[in-house]
Amino acid sequence: MISIKNLHANIEGKEILKGINLEVKSGEVHAIMGPNGSGKSTLASVLAGRDGYEITEGSVVFEDKNLLDLEAEERAREGIFLAFQYPVEIPGVSTTNFLKTAMNQIRQYRGEKSLDAVAFLKLMKAKMKLVEIDQALLSRSLNEGFSGGEKKRNEIFQMAMLEPKLAILDETDSGLDIDALRIVAHGVNSLKSKDNASILITHYQRLLDYIVPDFVHVLFDGKIVKTGDKSLAMELEKKGYDWIKAEHGSLETI
Amino acid sequence: MDISVINSIQEQFNKNEATYLAASLTHRKSALDFVLLHDLPDRKDEEYKYTPVNRILKKNFDFEKIVTSNSTHLNFKDHFYKLKGNHLVFLNGTYLPAQSIILNDICCQTEVDSKQTFKDVFDALNVAFCKNSLKIEVNEHYRPQPFFIYYFYDSEQGQVFGNPNIQITAHSNTRIQILEKTISTGTHPVFINKKVGVHVKANAQVNITKIQNYKKHIFQVYNLEVNQDAQSTFNSNVYSFAGGLIRNNLSINQLGEHCESHMHGLYLITGHSHVDNHTSVNHTQPNSYSNELYKGILDENARAVFNGKIFVRPEAQKTNAFQSNQNINLSDSASIHTKPQLEIWADDVKCSHGCTVGQMDEEALFYLRARGIGKNQAKALILIAFSEQSLEYIPFEFVKEEIDTLIRKRLIG
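All of these numbers come straight from a predicted model, not from anything done at the bench. (Residues numbered from 1 in each chain as written. Chains lettered and ligands numbered in written order. Predicted model: local features only at pLDDT ≥ 70, side-chain atom pairs only at ≥ 80, totals over all residues. Heavy atoms only, no water.)

1. Considerations on the overall build of chain A
Inclusion rule: Only runs of H or I of at least four residues qualify as helices and only runs of E of at least two qualify as strands under DSSP, and these elements are numbered from the N terminus. A radius of gyration in this sense is built from C-alpha atoms; the matching globule rule multiplies 2.2 Å by the number of residues raised to 0.38. Relative accessible area decides the class of each residue, using a 1.4 Å probe on protein chains only: under 20% of the type maximum gives buried, over 50% gives exposed, and in between gives partly exposed. Note on contacts: a residue pair qualifies if any of its non-hydrogen atoms lie within 4.5 Å across the two residues. Accessible areas in this description were obtained via Shrake-Rupley with a 1.4 Å probe; residue shielding takes into account the shown protein chains only. All tallies of charge rest on Lys and Arg as positive and Asp and Glu as negative; His and the ends of each chain are not included. In this description, the location of a charge corresponds to atom NZ of lysine, CZ of arginine, CG of aspartate or CD of glutamate.
Within chain A one finds 10 helices and 12 strands. Taken over C-alpha atoms, the radius of gyration comes to 18 Å for chain A, in line with the 18 Å a tight globule of 254 residues would show. Once the C-alpha set of chain A is aligned to its principal axes, its extents read approximately 55 × 40 × 35 Å. The 254 residues of chain A split such that 54% are buried. Long-range pairs, those at least 24 residues apart, make up 69% of the contacts in chain A with a sequence separation of at least 6. A total accessible area of about 11500 Å² is found for chain A, and carbon and sulfur atoms account for 48% of it. Positive and negative side-chain charges in chain A, numbering 32 and 38 respectively, have mean positions lying 5 Å apart.

Given below as structure tokens:
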């Protein structure tokens, strides 16, 4: 589905990603772990097409398309979804209105007819149940005054509505209490199919108790330095990141 | 002092002198003297620092080339809203009762009377030159149909100097709703110098909404002065979309207790449009309220000025006065000059003011794009949301829709 080869990226002249290689196939769940500042969120941003990053080397192919050539909105229309670490508050724009616009632009891009109001509402009702989100919340301004948990649930709700091929969840577990974590994980698990894939970016093994990954990668100093299965996450939880740092020695202390 | 502009103003006056009624001539002459003495403001005048009217007119308008013909092929009624109400027509600044639809016997044409004072040079210029005056007076306990005032300008034959003059009195327990719109034809420059006086008596309510979507050869100064008695409410809504020069002076005097004033504005401008809103609220008695919110979106070489003054006099205890001016600047060459100004003499009041000038929120833009919304559409969504707060106090639903359409057309294309 997505094939990342030797990806190097700079921000303001500073190299953050130093040669990432990652292959994700349909039906797979990949977890990317790593200490603060290792480049996890940068990888998510680069894949989603955020401005301000300079790609100096490497390639990303998503479903036979050169992803790096596409604008952020085109990537979304092709089926990439980024659940934000910090969802943005947009006063005056309701989630409902915003999602309707987004869905119809995606459908238009794919040559499908726009959803009428009834069909849209019906779909919304079904997906709302999945993440236990309230109608009242969705008619309010997007994320404005939402609690941390509500914001993250709203992200998963949007993901459920847009049904992406590849979902990148950037620290969706951070700032969640146990109940919210369970709801979010339930949402993600229900959306999983053999035709889609997800990349979970996380600090903690905790989320992986709920969403079981097929692969766990450790990102350190801009590179994937270790790949394993779920047991690697357990090992990290027990031993911390120090042994990784020692193995791959960095001058910076983090 | 600029000799040429003043001279041509004097000449124009002399040319018109014969057409004025003898009764008003002395008053007009003293108004002219005031103009000649003070001159039109320029950059050195603090209040017109960023809107040097003198200089702008000198560059774009020639008082010697004014045509006074009142014939036009404009069909006024075609432009009327299809609604029940008073439809009042002005052509090139002159009120035309015969062309208007008046449901209630409360509008009349009068000569400019000597009670009309002039505090500044534009007031005086208007008093000296206005052809007639429209008087709207609503008697106690009467709720008339809304007033739609259409200002037509026809500059096909030459330059037009229009001086609409309106005096509105809302007696106790009345409610007046006014919508102002300008329609123009022709390409010669037009200088509009509008003077409107409003007296809102006890328990009365007046609401004025203006749509200013002018062509680039239209230059306008609008003096709106409002006096409010106890328990009265005044709402002003002003939406500016384009114009060579738009200067709105809104001055509100709260003369009684428990007055309420709301001022909402939006300027959504591009090209070389210039919009300047100067407002002033004078709280003189206790327990009153004023709330002001002006929003601006500027693109290309547009220029906006905002100056909001709030005076809270020593007797005006328990005043609540709020003011906010928020701007989004989309271009490197657009500029905004904003200045909130509070002067408070009372010690038990709640007042706030603030102004912001920012750019498009890139984080918000990325968020919307990351959901598949195109860049332009995403920008429009954010800006529409930003501007819509200013539509809250429009009393007519169809006007809200009209303005909403103008906003969307401008932002989405």
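2. Brief notes about the overall build of chain B
Helices and strands together make up the secondary structure of chain B, namely 7 helices and 20 strands. Relative to the 2.2 N^0.38 estimate, which gives 22 Å for 413 residues, the radius of gyration of chain B is 21 Å and therefore close to what a compact globule would have. For chain B, the C-alpha atoms occupy an extent of roughly 70 × 50 × 45 Å along the three principal directions. The proportion of buried residues among the 413 residues of chain B is 60%. Summarising the internal contacts of chain B: among those between residues at least 6 apart in sequence, 82% fall at separations of at least 24.

3. Quick look at unusual backbone geometry
Non-glycine residue Asp 221 of chain A carries a positive phi angle of around 50 degrees. Within the secondary structure, Asp 221 of chain A sits in the loop between β11 (215-220) and β12 (223-228). One non-glycine residue, His 258 of chain B, lies in the positive phi region at around 55 degrees. Along the chain, His 258 of chain B falls in the loop between β13 (245-254) and β14 (260-269).

4. Structural notes on the interface of chain A and chain B
The criterion, for reference: Computed with a 1.4 Å rolling probe, the buried area is the accessible surface lost when two parts are put together, summed over both parts. Between Lys or Arg on one side and Asp or Glu on the other, a salt bridge is scored when a side-chain nitrogen of the former is within 4 Å of a carboxyl oxygen of the latter. Polar contacts here mean pairs of N or O atoms no more than 3.5 Å apart (in protein, one a potential hydrogen donor and the other a potential acceptor; neighbouring residues in sequence count only if both atoms are side-chain atoms). Here the term charged refers only to Asp, Glu, Lys and Arg, the term nonpolar to Ala, Val, Leu, Ile, Met, Phe, Trp, Tyr, Cys and Pro, and the term polar to all other amino acids, Gly among them.
With 31 residues of chain A at the interface, the matching set in chain B holds 16 residues. Summed over both sides, the interface between chain A and chain B buries roughly 2000 Å², with carbon and sulfur atoms accounting for 62% of that surface. Our count for the contact surface shared by chain A and chain B stands at 5 salt bridges. Salt-bridge contacts for Glu 73 of chain A lead to Arg 369 of chain B; the nearest nitrogen and oxygen are separated by 2.6 Å. If you look at where chain A meets chain B, you find 12 residue pairs in polar contact (both at pLDDT 80 or more). The set of elements that each furnish at least two residues to the side of chain A that touches chain B consists of α2 (72-78), β6 (80-83), β7 (90-94), α3 (95-109) and α6 (148-162) of chain A. Taken together, the residues of the side of chain A that touches chain B sort by class into 18 nonpolar, 7 polar and 6 charged.

5. A word on the sheet that holds strand β8 (residues 175-186) of chain B
Residue and element names in this part refer to chain B. Condition: Following DSSP output, two strands are said to pair if at least two bridges run between them. Lines fitted to the C-alpha atoms define the axes, with helices restricted to the stretch that makes contact. Angles between their N-to-C directions range from 0 to 180 degrees.
Pairing in this open sheet of 10 strands is mixed, and the strands run β2-β1-β5-β8-β10-β12-β14-β16-β18-β20 from one edge to the other. For this open sheet the edge positions go to β2 (94-95) and β20 (350-358), each flanked by a neighbour on one side alone. Of the pairings in the sheet, the one linking β8 to strand β10 (residues 205-213) comprises 7 bridges and is parallel in character. Looking at the pairing, Glu 180 lines up with Lys 210 of β10. Packed onto the sheet, helix α6 (residues 375-388) meets β14, β16 (289-298) and β18 (320-329) and runs at close to 160 degrees relative to β16. Together, β5 (147-155), β8, β10, β12 (233-242) and β14 form the strand contacts of helix α7 (residues 397-412), whose direction differs from that of β10 by roughly 25 degrees.

6. Considering the sheet that holds β12 of chain A
Residues and elements named next belong to chain A. If you trace the 6 strands from one edge of the open sheet to the other, you get β6-β9-β10-β3-β11-β12, paired in mixed fashion. Two strands close off the open sheet at either side, each with one partner strand: β6 and β12. Taking the axes of each pair of neighbouring strands and ignoring which way they run, one obtains an average angle of 20 degrees across the sheet. Bridge count between strand β9 (residues 166-170) and strand β10 (residues 197-201): 5 bridges; the pairing is parallel. Opposite Ala 167, over in β10, you have Ser 198 as the bridge partner. The strands that helix α1 (residues 40-48) touches are β3 (29-33), β6, β9, β10 and β11; relative to β9, the one it contacts most, it runs at about 145 degrees.

7. Side note on α6 of chain B
The test is simple: By definition here, a helix of n residues has an expected span of 1.5 Å times n minus one.
The terminal C-alpha atoms of α6 of chain B lie 20 Å apart, and with 14 residues this matches the ideal 20 Å at 1.5 Å per residue to within 8%. Ala 378, Ala 380, Leu 381, Ile 382, Leu 383, Ile 384, Ala 385, Phe 386 and Ser 387 of chain B are the residues of α6 of chain B that are buried.

8. Details of the packing of α3 of chain A against α6 of chain A
Any two packed helices are characterised by how steeply their axes cross, that is the angle between the axes, and by the distance between the axes. Residues and elements named next belong to chain A. The cut-off we apply is this: Rotating anticlockwise by less than a right angle from the far helix to the near helix defines a left-handed crossing, while the corresponding clockwise rotation defines a right-handed one.
Packing of α3 against α6 leaves a shortest axis separation of 11 Å and a crossing angle of 35 degrees. Handedness of the crossing formed by α3 with α6: right-handed. On α6, the residues that touch Thr 95, Phe 98, Leu 99, Met 103 and Ile 106 of α3 are Asn 154, Phe 157, Gln 158, Met 161 and Leu 162.

9. Quick word on the side chain of Thr 182 of chain B
All names here are of chain B. Here Thr 182 lies in strand β8. For Thr 182, a relative accessible area of 14% corresponds to the buried category. Dropping the residues within four chain positions of it, Thr 182 is found in contact with Tyr 151, Tyr 153, Ile 211 and Tyr 214.

10. Concerning the confidence of the model for chain B
Note the cut-off: Confidence of the predictor in every single residue is expressed as pLDDT, which spans 0 to 100.
Chain-level pLDDT for chain B is 93 on average; 99% of the residues reach the 70-or-more range. Interface scoring of the predicted complex returns ipTM 0.94; its pTM is 0.88.

11. A word on helix α5 (residues 362-369) of chain B
Of all 8 residues in α5 of chain B, 6 are buried, a share of seventy percent or more. Within α5 of chain B, burial applies to Ala 364, Leu 365, Phe 366, Tyr 367, Leu 368 and Arg 369 of chain B.

12. Things to note about the pattern of salt bridges
All chains considered together, the criterion is met by 27 salt bridges over all chains. A salt bridge links Lys 245 of chain A to Asp 242 of chain A, with the shortest nitrogen-to-oxygen separation between them at 3.9 Å. Taken together, the residues Lys 245 of chain A and Asp 242 of chain A, both in helix α10 (residues 242-247) and 3 residues apart, mark about one turn of the helix. Taking relative accessible area as the criterion, Asp 242 of chain A reaches 55% and is therefore assigned exposed. Among the charged side chains, a salt-bridge network with shared partners connects Asp 51, Glu 71 and Glu 73 of chain A together with Arg 369 of chain B.

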